[in-house]
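For reference, the chains in residue letters:
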Amino acid sequence: MPARSKEFQRRLDAAVDDPNLATALQRALSTFNERRTAAFADLDFPAMRADLHRRKVDAINRLPELIEQFTQQAEAVGAVVHLAKTPEDACRIIADLAAERKIKLAVKSKSMATEEIRLNDYLEKRGIDAVETDLGEWIIQLAGEHPSHLIAPAIHKTREEVAQIFSKKLKIKKVSDDPKEMVKIARARLRQSFIDAGMGITGANVAIADTGTIGIVTNEGNERFVATLPPIHVAVLGVEKIVPSIDDAVAILKLLPRSGTAQKITSYVSFITGPSRSSDIELVSVVGVHGPKEMHIVLLDNGRMEARLDPELLDPLYCIRCGACSNVCPPYQVVGGHSFGYIYTGPIGLPLTAIHHGLGNAADPQSLCLSCNACAMVCPAEIPIPQLILNVRSRVTEKFGLQRMKDEAFDRWTDPAEGDRWVRRAALAATPLKDSDGFIEKIPFQKKLTAGRHLIAPPRKPLRDRAERIIREGTPNGRRFTESKAAGLRVAYFPGCLTDRVLPEMGAATIRVLHACGCEVSFPQAQHCCGLVALNSGDRARGRVMAEQTIEMLEAVQADWVVTNSTSCYAAMVQDYQNLFADAPGWQERAATQSRRLIDVTTFLDTVAQLGPETWSTPGPRVTYHDACQSHNALGIHDGPRRIITEVLGLELTEMHDSSVCCGFGGSFSTDYPAISAIIAGRKLDNAGRTEADVIVADNPGCLMQIRGALHARQSSQRALHLVELIDERLRYLG
C-alpha cells in the first residue's frame, strides 16, 4: 500500500468539492469552541483533565487485574462475561447467542465498538437483522454508510439530505427537512422494532470493576429501550473502558458531555448492574418496564492489550471517545470523517486505526494531520494526540516509504553542503516563474499548488549571505529601545530554514530589532536545519541526523541566548527532541542543555528585554493578530505579543475570530494537500478581513508565508508581517 493512494486522493477531491458536506460541517462545528468554553466556564479544565489522565493511567496499568475483577463482580450479579480477542470472536459470540435463542431481530443503540467489529455486516450474513435506533446511526444505516464522527454519526449530512434519504428509503413521497418532523418519522418507524426484537445490543462508556457495573450516556431514550425491552441485553465494550470504581466513572462523566457536545450532562445516564429482576423496583420506576432476563457483556481486545505494552501506541487507550479532537481539527472540518479516518475518525482515530485495524488502514488518513496541536488542547484525557499521529506516520514511512519527490528532497537536504547547493539551484529555477511581487502564481502542470494561495519564490541570495552585513549596519540611525533589559547580552540568531532561504527580509528585521535592544548579535554560519520538516513527514532517521547536527552546532555557539523567530523550530528543539531521543539519554540531555538558552524572539522581547512603552511620532497601522499553532498550542504564547503591540508599539489591536485556529500551512501539508490548505487559509483571511485591520501579525514564518500567499491570490490590500517586522517598521518612528 503506498503512502497515499489514488483512491484516497479521489475521495479527498470529492469531499473538497462537496457543497453539502461543507454546509453540514459548518452548521455543526462552527460554534463548538464557544459552546465548549461556556460549558467549562466555572470549572478548572486543566485540573480536571490531569485528574482523569491520572485515573486512566492507573486503570490501564492495572488492566489485567481490573478485567478479572470486573468479570467476577459482573458474573456475581448474574451477567455473563465473554472475552473476545478479535473482532471475529466478538461477532461470533453475539451471533451464536442469537442463533441459540432463534433470534432474528436485534435492536442496537449507538456503539463505536460494534462499528469497530463490523457487527451489523456479520449478523446480516448469519440471517439476523440489526436495526440501529440512535437517530444518527439509523440515518447512516439507511444511507448505507458508516459513522463519520465518534459521537455524531451523521454529522456529514445536511437536514435536506436526511429528508431525501427518508423519502427514498422509507418510500415517503415528501419529507419535510424540519428536524422535529423527521424525528417523528423515526420514532414511528422504530417503535415496533423495540417490541419485536429478541436482543438488544449496546455499547458502554465505562465499566466499573468493583461492582461489575456498566455506564452508558446518551441524549436519546432509545438506549434504555434497547437495554430493557428485549429479553437479552448484550453490551460490547473495549477492555480499556474498565475503571476501578464509581469515583473514576464520575470523573469521566464530568468531562465527557462537556467535551463532546458542550453539555453539562447528557439527557440520560444509565448504570446497569446485571440483568433486571422483578424486585428491581427502582429500574421499573425509571424505565417503566422490567429489564432483560439475560445480560451478556462482551469485553473486546482487538489490539488493546498489545498496544498497552507499546510506548508509542499506549496513550490512545486513555481515550473516552468524546470526539472533541474532531470538533477542533481544521482538516476534519473540511473533508469530514470518511476521509479523515477509517472506522474511528478524526485525530484520535488515526492511532486507534493503527491499533485496531492495522497500519495499512492508517497510512493514508494519517497524512491529513497538520500537527497544529488543537486536539491536544481540548483532549479531556490529556492525550498527546499529535505526537501519537507522528508515531504512526513514522511507522507508515518505515513500512511504506515516502513519496518519491519528498524522499529525494530529504536525501539532499540532510547533508548541509548538498542542501545548500540544491536550494540555491531551486531559487535560480524559480526566478522566471515569479512576478514583480516575488510570488509564483502558476507552476506548469501543478495548477492546484497555487489555486488559492500563491507561493513566495525563494530569493537568489539567502539570509546567510547577507547576515554579516546586516549585523555590521545595526539599526537605522542607531535607534534603541530606551529601557531594554537585554542591553549587552550576546545573542546568537537561529532563523530557521524558511526565514533563511525564503524570507530573508524577516531575518534582517529580527537582527535589527535585537540590535535595538542593545544585544551583541551573531549569525552561526554552521547552522542548517533543525530537522522538523523531516520529522513532521515521518522521516525519523533523517530528522534525527539533522537534529544531531543542530545540537552540535548549538554546542559550539558562544552566546547568552540563542534566539529564533520561528516558533515551530523552537518547539521542535525544546520539546520534540526529547521524544526523538527517548532511546538515547546522552543526546536527550545534550538537547535539554541547549534548550535552556533557546528562546523565541517574542518571549525574548517580552520577558528578557522587558520592553516598555515608547514614544512614537506616528499612530501606526491597525493590527489584528494570528496565533500560530506552535506558539499558542505548544508553547503557550498569547499575552506577550499583544502587550508588545499595544503597550510597547502603541498600536490599536482588534482581535479576529478564531485567532488561534490553524492557517492551513502545516509545513509540507500545504503542498501535499493544497486545496484543503487553501480552504483553511481562506477562513483565516475571512476572519482577519472582518476586523478591517491594515496588518495581520504573527510570530511564525510558516504562517506568514501561507497568509501572504493567500492574500496575494485574493489581491487583498491587507499585509501580513512577523511581529519583528512590525517592530522594525515602527523603529523608524521611535522618539
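Nothing here was measured: the structure is a model prediction, and the numbers come from that model.

What exactly am I supposed to notice about the overall build of the chain here?
In terms of regular secondary structure, the chain is built from 37 helices and 19 strands. The C-alpha atoms of the chain give a radius of gyration of 28 Å, which matches the 27 Å a tight globule of 735 residues would have. Overall, the C-alpha framework of the chain stretches about 90 × 60 × 50 Å when taken along its three principal axes. Residue pairs in contact within the chain that sit at least 24 positions apart in sequence constitute 78% of those at least 6 positions apart. Within the structure as shown, the chain displays about 29,800 Å² of accessible surface, and the carbon and sulfur contribution to it stands at 51%. Taking the average location of the 87 positive side-chain charges in the chain and that of its 89 negative ones, the two points are 4 Å from each other.

So what exactly am I meant to see when it comes to a nonpolar patch on the surface here?
A contiguous nonpolar patch, built from Ile246, Val250 and Phe271 and spanning about 230 Å² of accessible area, is present on the exposed surface. Here Ile246 falls in the partly exposed class, since its relative accessible area comes to 41%.

Looking at this structure, I do not really get the pattern of salt bridges. What am I missing?
Oppositely charged side chains are able to pair whenever their charged atoms sit close together. For the coordinates displayed, the defined rule picks out 52 salt bridges. Here Glu312 and Arg395 are joined by a salt bridge, their closest N and O atoms 3.1 Å apart. Highlighted residues: Glu312 in the loop between α15 (304–307) and α16 (324–327) and Arg395 in helix α21 (residues 385–400), separated in sequence by 83 residues. Note on Arg395: relative accessible area 25%, which makes it partly exposed. Residue Arg708 is joined to Glu725 by a salt bridge in which the shortest nitrogen-to-oxygen separation is 2.6 Å. In this pair, Arg708 sits in helix α36 (residues 701–714) while Glu725 sits in helix α37 (residues 723–731), placing the two residues 17 residues apart along the sequence.

For this particular structure, what's the right way to read the packing of aromatic side chains?
Two aromatic rings are characterised by how far apart their centres lie and by the angle between their planes. Applying the stated criterion to the full structure yields 9 aromatic pairs. Aromatic pair Phe194 and Phe225: ring centres 5.3 Å apart, planes at 50 degrees, arrangement tilted. Residue Phe194 is located in helix α11 (residues 179–196), and its partner Phe225 is located in helix α12 (residues 222–228); the two are separated by 31 residues in the primary sequence. Every member of this aromatic cluster is reached through a ring pair, and the members are Tyr577, Phe581 and Trp587. We note Arg36 situated over the ring of Phe45; from NZ or CZ to the ring centre the distance is 4.7 Å. In this structure, Arg590 packs its charged tip against the face of Trp587, placed 4.1 Å from the ring centre.

Can you help me understand the packing of helix α35 (residues 674–690) against α36 in this one?
Helix-helix packing: each pair is described by the crossing angle between the helix axes and the interaxial distance. Put simply, α35 and α36 touch, their axes get as near as 10 Å, and they point 80 degrees apart. By the angle between their axes, α35 is roughly perpendicular relative to α36. Contact residues: Ser677, Ala681, Gly682, Leu685 and Asp686 in α35; Gln706, Ile707, Ala710, Leu711 and Arg714 in α36. In the contact of α35 with α36, the residues fall into 5 nonpolar, 3 polar and 2 charged.

I would appreciate a short explanation of the side chain of Thr133 in the present structure.
Considering the arrangement of structural elements, one finds Thr133 in the loop between β3 (129–132) and α9 (135–143). Overall, the relative accessible area of 3% leaves Thr133 in the buried class. Sequence-distant contacts of Thr133, that is, excluding residues within four places in its chain, are made with Val107, Lys108, Ser109, Leu190, Phe194, Glu220, Asn222 and Val226.

Where do I start with helix α29 (residues 567–580) in this structure?
What sets the pattern is the α-helix's 3.6 residues per turn: residues three or four places apart point alike. Over its 14 residues, α29 extends 18 Å from the first C-alpha to the last, a length consistent with the 20 Å expected when each residue adds 1.5 Å. Here α29 lies mainly inside the structure; 10 of its 14 residues are buried. Listed as buried for α29 are Thr567, Ser568, Cys569, Tyr570, Ala571, Ala572, Met573, Val574, Tyr577 and Leu580.

What is the right way to look at α36 in this model?
Taking 1.5 Å of rise per residue, 14 residues should cover 20 Å, and α36 covers 20 Å from first to last C-alpha, within 8% of that figure. Along α36, 12 of the 14 residues are buried, which leaves the element largely enclosed by surrounding structure. For α36, every residue scored as buried is listed here: Pro701, Gly702, Cys703, Leu704, Met705, Gln706, Ile707, Arg708, Gly709, Ala710, Leu711 and His712. Structurally, the start of α36 carries an N-cap: the backbone nitrogen of Gly702 is 2.9 Å from a side-chain oxygen of Asn700. Backbone geometry just downstream of α36 places Gln715 in the positive-phi region, at approximately 60 degrees.

Explain the sheet that holds strand β6 (residues 213–218) here, please?
Sheet strands associate in pairs through backbone hydrogen bonding, adopting either a parallel or an antiparallel arrangement. Reading across from one edge, β8-β5-β6-β9 is the order of the 4 strands in this open sheet, with mixed pairing throughout. In the strand order of this sheet, the two ends are held by β8 (242–243) and β9 (268–272), each with one partner. Note: strand β5 (residues 206–208) against β6, 3 bridges, orientation antiparallel. Within β6, the residue paired with Ile208 across the bridge is Thr213.

Even after reading the chapter, I still don't get the nonpolar core, so can you show me in this structure?
In globular proteins that are soluble, nonpolar side chains generally tend to be buried together. Phe70, Ile214, Ile297, Leu299, Leu368, Ile383 and Ile676 are the most contacted members of the largest nonpolar core, which has 93 residues in total. One finds Leu463, Ala486, Tyr493 and Leu611 within the second-largest nonpolar core, a separate group that totals 42 residues.

Would you explain the pairing of strand β4 (residues 199–202) in this entry?
Working note: regular strand, side chains alternate between the two faces of the sheet. Judged by which residues are buried, β4 turns out to be covered on both faces: Met199 and Ile201 on one side and Gly200 and Thr202 on the other are all buried. Of the strand pairs in this sheet, strand β2 (residues 105–108) and β4 are connected by 3 bridges, and their pairing is parallel. Within β4, the residue paired with Val107 across the bridge is Gly200. Bridge count between β4 and strand β7 (residues 232–238): 4 bridges; the pairing is parallel.

Explanation requested: the sheet that holds strand β10 (residues 294–300) in the structure shown.
Strands sit in the order β1-β10-β7-β4-β2-β3 across an open sheet of 6 strands; the sheet is parallel. Edge positions in the open sheet fall to β1 (80–84) and β3, since each of these has one partner strand only. Neighbour to neighbour, the strand axes of the sheet diverge by 25 degrees on average, direction disregarded.

What am I meant to see in the packing of helix α28 (residues 540–555) against helix α30 (residues 585–595) here?
Two elements in contact, α28 and α30, have axes whose closest approach is 10 Å; the angle formed by their N-to-C orientations is 50 degrees. With respect to their mutual orientation, α28 and α30 come out oblique. In terms of crossing hand, the pair formed by α28 and α30 is left-handed. Contact with α28, carried on its side by Glu548, Ile551, Glu552, Leu554 and Glu555, involves Trp587, Arg590, Ala591 and Gln594 of α30 and no other residues of that element. In the contact of α28 with α30, the residues fall into 4 nonpolar, 1 polar and 4 charged.

Parameters at a glance
The residue numbers shown here count from 1 along each chain, following its written sequence. Where totals are concerned, whole chains, interfaces and linings use all residues; where local detail is concerned, this predicted model gives features only for residues with pLDDT of at least 70, and gives and counts side-chain atom pairs only at 80 or more. Computation of side-chain values covers all heavy atoms of the structure but excludes hydrogens and water. What counts as a helix is a DSSP run of H or I of at least four residues, what counts as a strand is a run of E of at least two, and both are numbered from the N terminus. As defined in this context, the radius of gyration uses C-alpha atoms, and a globule is described by 2.2 Å times the residue total to the power 0.38. Any two residues having at least one pair of non-hydrogen atoms within 4.5 Å are treated as being in contact. Areas reported as accessible are Shrake-Rupley estimates using a 1.4 Å probe. Residue values count occlusion only from the protein chains shown. Neither His nor the chain termini are counted; the positive set is Lys and Arg, and the negative set is Asp and Glu. Where a charge lies is defined by one atom per residue type, namely NZ (Lys), CZ (Arg), CG (Asp) and CD (Glu). The patches described consist of residues with a relative accessible area above 30% and no salt bridge, like charges being joined within 9 Å and nonpolar side chains (Val, Leu, Ile, Met, Phe, Trp, Tyr) within 5 Å. Any Lys or Arg side-chain nitrogen located within 4 Å of an Asp or Glu carboxyl oxygen qualifies as a salt bridge. Relative accessibility thresholds used throughout: buried, under 20% of the residue-type maximum; exposed, over 50%; partly exposed, between the two (1.4 Å probe, protein chains only). Note on ring pairs: Phe, Tyr and Trp rings are taken, using the six-membered ring of Trp, and paired if centres are within 6.5 Å. Classes follow the plane angle, with under 30 degrees stacked, over 60 edge-to-face and the rest tilted. The rule is short: NZ of Lys or CZ of Arg within 6 Å of the ring centre and within 35 degrees of the ring normal puts a charge over the ring. Axes, fitted as lines to C-alpha atoms, cover a helix only where it is in contact. Angles between the N-to-C directions of the axes lie from 0 to 180 degrees. Roughly parallel here means an angle under 35 degrees, roughly antiparallel means over 145, roughly perpendicular means 65 to 115, and every remaining angle is called oblique. Only Asp, Glu, Lys and Arg are considered charged in this grouping, and only Ala, Val, Leu, Ile, Met, Phe, Trp, Tyr, Cys and Pro are considered nonpolar; every other residue, Gly among them, is considered polar. An expected span of 1.5 Å times one less than the residue number is assigned to each helix. Pairs of N or O atoms within 3.5 Å make up the polar contacts considered here, provided that, within protein, one atom can donate a hydrogen while the other can accept it, and that residues adjacent in sequence are counted only when both atoms are side-chain atoms. Strands were regarded as paired on the criterion that DSSP finds at least two bridges between them. The criterion is simple. A nonpolar core is a set of buried Ala, Val, Leu, Ile, Met, Phe, Trp, Tyr and Cys residues joined through side-chain atoms within 4.5 Å. Take the far helix as the reference: if the near one is turned anticlockwise from it by less than a right angle, the crossing is left-handed, and if turned clockwise, right-handed.

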